[in-house]
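Structure at a glance
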Amino acid sequence: MNREMIYIVEDEDDIAELERYNLIRDGYRVKVFGTGEAALEQIKTEPPDLLLLDLMLPGIDGLTVCRRIKNEFFKATFPVIMVTAKGEEADIVTGLELGADDYIVKPFSPRVLLARVKSVLRRQQTSEVEIDNESIKHDAMSILPDRHEVIVEGKPVKLTGTEFRILYALVRRVGRVFTRYQLVDFARGGDAMVTDRSIDVHIVAIRRKLGEIGKLIETVHGVGYRCKE
């Protein structure tokens with residue numbers, strides 16, 4: 001039986017209950033918070049194993065909560081899954097850039113919810129297993145796996161763990177075309193729920209963070225992506 005503690009931050013009672021019921025039935029421990037402020041107070045003393053975070057909240061919004069957890073106050077290592085009615089790419093990219101690990105767009109089925117939760121928790125447990133310590137240099141970009149750093153023209157570029165592994169896979173095999181499924185298998189240990197949209201959003205975020213050199217990440221229409229030589 002699963003014993004991980006999952007926090008739900010959701011102000012819509014019916015959605016919070018749907019999440020709570022299905023997670024408890026699957027063996028997880030669960031706490032529900034109606035505001036971001038309440039969740040942050042609890043996280044200070046008792047961080048969860050995973051956070052399900054709605055973006056549209058009363059008071060401080062979900063993106064602000066994610067920023068404070070990942071960057072400002074806590075620098076937390078536990079994963080965050082955004083749960084949102086916003087299907088717009090810009091909102092999803094912003095959340096991923098702030099450090100969120102995945103997202104679910106409302107409405108969703110309980111099976112999708114549980115699959116995403118299990119996938120992210122497995123990825124958290126095996127996040128370092130497939131990257132060796134050999135540094136890679138391509139054009140003006142250097143990737144330093146042992147330090148989990150990307151340097152572009154002498155300046156560090158901050159990537160999420162998933163973004164780092166996707167970029168590492170592409171640059172390690174310059175010129176090779178990777179399907180979306182192959183990239184997600186590498187980035188998430190081979191056991192994630194794969195969607196074309198999720199990998200596309202991560203690629204958008206990587207290109208944006210790399211700036212001009214992001215043009216090296218090329219879309220191969222109908223197939224996937226590659227890093228140009």
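Preceding this section is the structure that the text describes.
Please read all numbers here as calculations on a predicted model, not as lab measurements.

**With respect to the sheet that holds strand β12 (residues 224-227)**
To summarise the sheet geometry, strands pair through backbone hydrogen bonds and adopt either a parallel or an antiparallel arrangement. With antiparallel pairing, three strands are arranged side by side in an open sheet as β10-β12-β11. What marks the edges here is a single partner per strand, and that holds for β10 (178-179) and β11 (217-220). Here β10 pairs with β12 via two bridges, running antiparallel. When the bridges of β12 are listed, Thr179 appears paired with Gly224. Across the sheet, helix α6 (residues 161-172) touches β10, β11 and β12, and the angle it forms with β12 is around 65 degrees.

**Notes on the sheet that holds strand β2 (residues 29-33)**
Strand order in the open sheet formed by five strands is β2-β1-β3-β4-β5, with parallel pairing between adjacent strands. Pairing within the sheet leaves two strands with one partner each, and these edge strands are β2 and β5 (102-105). Sheet twist, expressed as the average angle between the axes of neighbouring strands with direction ignored, equals 20 degrees. Relative to strand β4 (residues 80-84), strand β3 (residues 50-54) runs parallel, the two being bridged by four bridges. Across the sheet, Leu52 pairs through a bridge with Ile81, a residue of β4.

Cut-offs used in this document
Residues numbered from 1 in each chain as written. Predicted model: local features only at pLDDT ≥ 70, side-chain atom pairs only at ≥ 80, totals over all residues. Heavy atoms only, no water. Pairing = 2+ DSSP bridges. Helix = DSSP H or I, 4+ residues; strand = E, 2+ residues; numbered from the N terminus. Contact = heavy atoms within 4.5 Å. Axes fitted to C-alpha atoms, helices over the stretch in contact; angles between N-to-C directions.

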